[in-house]
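# Architecture at a glance
Here is what each chain is made of, one letter per residue.
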Amino acid sequence: MNNNQLLPQLQEIFRSIFENPLLELTSTTSAKDIPNWDSMNHVSLISEIEFQFEVEFDLDDLIGMNNVASILQSLSTKLKNKI
Amino acid sequence: MEIEIIKVNDLVSFVESESYKNSSRIAITRLRAMSQSLNPRASAEDVVLLVAKDENNRILSYFGLLPDLIWIDNQPQKMWWSSCWWGDETVSNNGSMQLFYMACKLTNSNLYFPELTPETRFVLERIKKFSIKKFDNGVRGYLKLNLVGILPTRRSEFSKIKPLLSILDSIVNALHQPILSVWKNRLATQNINYKVLNQIDDETAQFISKHNENELFRRNKQELNWIIDNPWISTNDLQLNQDYAFTHHVKQYKNIPVKIYKNNQLIAFFLLLIHNGKAILTYCYLNQNTVSDLINVLYLQLLDNNIHTFTAFHTEITEHILKSKNPFIFTRKQIKFVSFPKGREDEVFLHRIQHGDGDCAFV
């Protein structure tokens, strides 16, 4: 699954966690574009991604996940390794 | 975002650097840094602070760590307490979670949280790598009513009736004062043999070593003296002119170590932390059947120091206070939640943790 295929699914998760049905996600979306990206929403976001994609991120992935691009990168690597 | 990692041997130079002195926001006070640099259980290479900064070198979040030792199978093992965790709420994705994950990595997930806030509990429950133990052996006793100080901080509506709360406090406290005087006179005439110490002496150290074998953190003389001599909170008049999210200055702050004798034998020791009229029992060691002797001395200290609220998390003491006549206007049971890495349930549930363990002895 490439980033273009992952983005719509990620967007749904972001919309649900940040309670914003209009949120448009791109690979360049940064935290500044998403209000309320606090620690509680962050941990809910990661938990939901892990649940939906059936992956488990390791600490090195989690340390680097501070924007959409890094989340996409870590997720696609995890999914490739899963196959 | 850049993450700065500060180790024990960096602390002094960190707080003496020009960038620290010129920063409008700080991640650690000088007092905390100096204290942490003397932690007898820390090694020079132990990480104690993680700071996330933006491209303008502005602090966005920080995570403090307090190195300690835990006894597993009678052997000490290195672990870390979370001592503070803060993020700038005005900045979306301020890096506080990245700092948390980095703290997990650098401590090999040997990370403990001494008293969970609801927010931290929410985060830890979702991460699923930590267990949580509920401590329901706490008690809080109120020697003076302070509704005007407590209620408006909990619900803003109470701010409107502050004068009324103040009057209510004054009336109840005036009515209760004679009861406190009777207690004080009665305790003063009981001829209890006790001594307030400046530091833990050898006799007390020996007594503690006989009582700490079932403890998870097994405090000793050196560590308790470090706590007494190196507070994190200042009482001097110098106000901090930098933005710092945690308590750094109060009017009254002191540790009172007390040993108690009966028939010329040392029977109990406690360490009481006093913080702006609040007293917290941080450490306590006692022989069997001596709890009433200890509590009499404890009450004397509370009354002598004009305390309004007392808190303890010690099963024997809590039960005794709740079951016996006491000088409090009212008492309430207290709970707290301590978090620890999954897999450590046996040790944590079977061994004693003192209320002062972690950073609780300092704040």
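Residues numbered from 1 in each chain as written. Chains lettered and ligands numbered in written order. Predicted model: local features only at pLDDT ≥ 70, side-chain atom pairs only at ≥ 80, totals over all residues. Heavy atoms only, no water.

### Things to note about the overall build of chain A
Note the following rule: Numbering goes from the N terminus for both helices and strands, where a helix is a DSSP run of H or I of at least four residues and a strand is a run of E of at least two. Taken over C-alpha atoms, the radius of gyration is set against a globule rule of 2.2 Å times the number of residues to the power 0.38. Three exposure classes are used, based on accessible area relative to the maximum for each residue type with a 1.4 Å probe and protein chains only: buried under 20%, partly exposed in between, and exposed over 50%. The criterion used for residue contact is that any of the two residues' heavy atoms lie within 4.5 Å. Methods summary: accessible areas were calculated by the Shrake-Rupley approach with a probe of 1.4 Å, and residue burial reflects only the protein chains presented. Counted as positive: Lys and Arg. Counted as negative: Asp and Glu, with His and the chain ends omitted from the count. A charged residue contributes its charge at one atom only: NZ of Lys, CZ of Arg, CG of Asp or CD of Glu.
Scanning chain A for helices and strands turns up 4 helices and 0 strands. Traced from its N-terminal end to its C-terminal end, chain A shows the element sequence α-α-α-α. Its C-alpha atoms give chain A a radius of gyration of 12 Å, within 12% of the compact-globule value 12 Å for 83 residues. For chain A, the C-alpha atoms occupy an extent of roughly 35 × 25 × 20 Å along the three principal directions. Counting all 83 residues of chain A, 45% fall into the buried class. Taking contacts inside chain A between residues at least 6 apart in sequence as the whole, the part at least 24 apart equals 49%. Surface summary for chain A: the accessible area is close to 4,600 Å², and the carbon and sulfur share equals 48%. The centroid of the 5 positive side-chain charges in chain A is displaced by 7 Å from the centroid of its 12 negative side-chain charges.

### Section: the state of the cysteines
Residues and elements named next belong to chain B. To keep things clear, this is the line we draw: Count a disulfide wherever a pair of cysteine sulfur atoms falls within 2.5 Å.
Tallied over the full model, the rule gives 0 disulfides over all chains. Cys-84 carries a free sulfur, and the closest cysteine sulfur to it, the one in Cys-360, is 13 Å from it. The class for Cys-84 is buried, based on a relative accessible area of 7%.

### Considering empty space enclosed by the protein
All names here are of chain B. Going by this rule: Put plainly, a pocket is an open set of points on a 1 Å grid over the protein atoms alone with protein on both sides within 12 Å along at least five of seven lines, a cavity is a set where a 1.4 Å probe fits but cannot get out, and a lining residue has an atom within 4 Å of a point. Grid points are joined across faces, edges and corners, and a volume is the space filled by probe spheres set on the points. Polar here means any residue outside two lists: the nonpolar Ala, Val, Leu, Ile, Met, Phe, Trp, Tyr, Cys and Pro, and the charged Asp, Glu, Lys and Arg; Gly therefore counts as polar.
Taken as a whole, this structure holds 3 cavities of 30 Å³ or more when the rule is applied. Space inside the largest cavity adds up to approximately 90 Å³. As for the largest cavity, its lining consists of 13 residues, of which Leu-66, Asp-68, Arg-219, Trp-226 and Gly-358 are closest to the centre. At the level of secondary structure, the elements contributing two or more residues to the lining of the largest cavity comprise strand E3 (59-72) and helix H9 (221-229). In terms of residue class, the lining of the largest cavity is built from 7 nonpolar, 2 polar and 4 charged. Estimates place the volume of the second largest cavity at around 60 Å³. Lining the second largest cavity are Ala-27, Ile-28, Arg-32, Gln-36, Val-48, Leu-49, Gly-64, Leu-65, Ser-83, Cys-84, Trp-232 and Tyr-244. Residue assignment for the lining of the second largest cavity shows that the elements contributing at least two residues are helix H3 (30-37), strand E2 (47-53), E3 and strand E4 (75-87).

### Observations regarding the pattern of salt bridges
Residue and element names in this part refer to chain B. Heads up, the condition is: Within this document, salt bridges are pairs made up of a side-chain nitrogen of Lys or Arg and a carboxyl oxygen of Asp or Glu, the two lying within 4 Å of each other.
According to the stated counting rule, one finds 28 salt bridges over all chains in the structure shown. The shortest N-O distance in the salt bridge between Arg-25 and Asp-88 comes to 3.0 Å. Taken together, the residues span a long stretch of sequence, with Arg-25 in the loop between helix H2 (18-22) and H3 and Asp-88 in the loop between E4 and helix H4 (96-106) at a distance of 63 residues. Given a relative accessible area of 16%, Arg-25 falls into the buried group. What emerges from the salt-bridge pattern is a single network uniting Arg-25, Asp-54, Arg-58, Asp-88 and Asp-243.

### Looking at the confidence of the model for chain B
Which entries qualify depends on this criterion: Confidence of the predictor at the level of single residues is given by pLDDT, which spans 0 to 100.
In this model, chain B carries an average pLDDT of 95, and 100% of its residues clear a pLDDT of 70 or more. In the predicted assembly, ipTM is 0.88 and pTM is 0.92.

### Observations regarding the nonpolar core
Stated formally: Grouping buried Ala, Val, Leu, Ile, Met, Phe, Trp, Tyr and Cys residues that are joined through side-chain atoms within 4.5 Å yields what is termed a nonpolar core.
Membership of the largest hydrophobic core comes to 49 residues, with the highest contact counts inside it found for Phe14(A), Phe63(B), Phe100(B) and Leu111(B). Sorting elements by how many residues they give to this core places H4(B) first, with 7 residues. If we ignore the near neighbours within four places in the chain, the residues touching Phe14(A) are Glu19(A), Leu23(A), Leu25(A), Ile34(A), Trp37(A), Leu45(A), Val68(A) and Ile71(A).

### Structural notes on the confidence of the model for chain A
Caution applies to low-pLDDT regions: their predicted coordinates should not be interpreted in detail. On average, chain A scores 90 in pLDDT, and the residues at 70 or more come to 99%. No element of chain A has a lower mean pLDDT than helix H3 (residues 59-64) of chain A, at 90, and none a higher one than helix H2 (residues 39-53) of chain A, at 93.

### Re the sheet that holds E2(B)
All names here are of chain B. Keep this limit in mind: The criterion for strand pairing is that DSSP finds at least two bridges linking the strands in question. What counts as an axis is a line fitted to C-alpha atoms, over the stretch in contact for a helix, and the angles between N-to-C directions run from 0 to 180 degrees.
Strand order across the open sheet formed by 5 strands is E1-E2-E3-E4-E5, with mixed pairing between neighbours. The two strands at the open ends of the sheet, each matched to only one other strand, are strand E1 (2-7) and strand E5 (111-112). Bridge analysis of E3 against E4 gives 12 bridges, and the strand direction is antiparallel. Residue Ile-70 lies in a different strand from E4, and its bridge partner there is Gln-77. Lying on the sheet, H3 is in contact with E2, E3 and E4; it crosses E3 at an angle near 30 degrees.

### Some words on the pairing of strand E6 (residues 130-142) of chain B
Note on strand geometry: in a regular strand, side chains alternate between the two faces of the sheet. Taken together, the 11 bridges between E6(B) and strand E12 (residues 330-341) of chain B define a ladder with antiparallel strand orientation. By the bridge assignment for E12(B), Phe135(B) is matched with Lys336(B).

### What about the sheet that holds strand E11 (residues 309-313) of chain B?
As a general point, the strands of a sheet are linked pairwise by backbone hydrogen bonds and lie either parallel or antiparallel. Residues and elements named next belong to chain B. In spatial order, the strands read E7-E8-E9-E10-E11-E6-E12; together these 7 strands make up an open sheet with mixed pairing. Unpaired on one side and paired on the other, strand E7 (193-196) and E12 mark the two borders of the sheet. Between one strand and the next, the sheet's axes are offset by a mean angle of 25 degrees, whatever the strand orientation. In the sheet, E6 pairs with E11 via 5 bridges, with the strands oriented antiparallel. In the strand pairing of E11, Gly-141 is matched with Phe-310.

### Concerning the environment of Ser35(B)
All names here are of chain B. Short version of the rule: Under this definition, polar contacts are N or O atom pairs within 3.5 Å; protein pairs additionally need one hydrogen-donor-capable and one acceptor-capable atom, and for neighbouring residues in sequence, both atoms have to be side-chain atoms.
For Ser-35, the location among the structural elements is in helix H3. Its relative accessible area of 1% is what places Ser-35 among the buried residues. When the C-alpha positions of Ser-35 and Val-139 are compared, they lie 29 Å apart, and in sequence the two are 104 residues distant. If sequence neighbours within four positions are ignored, Ser-35 has contacts with Trp-226, Asn-230, Pro-231, Trp-232 and Phe-362. Engagement of the side chain of Ser-35 in a polar contact is seen with the side chain of Trp-232, the distance being 3.0 Å.

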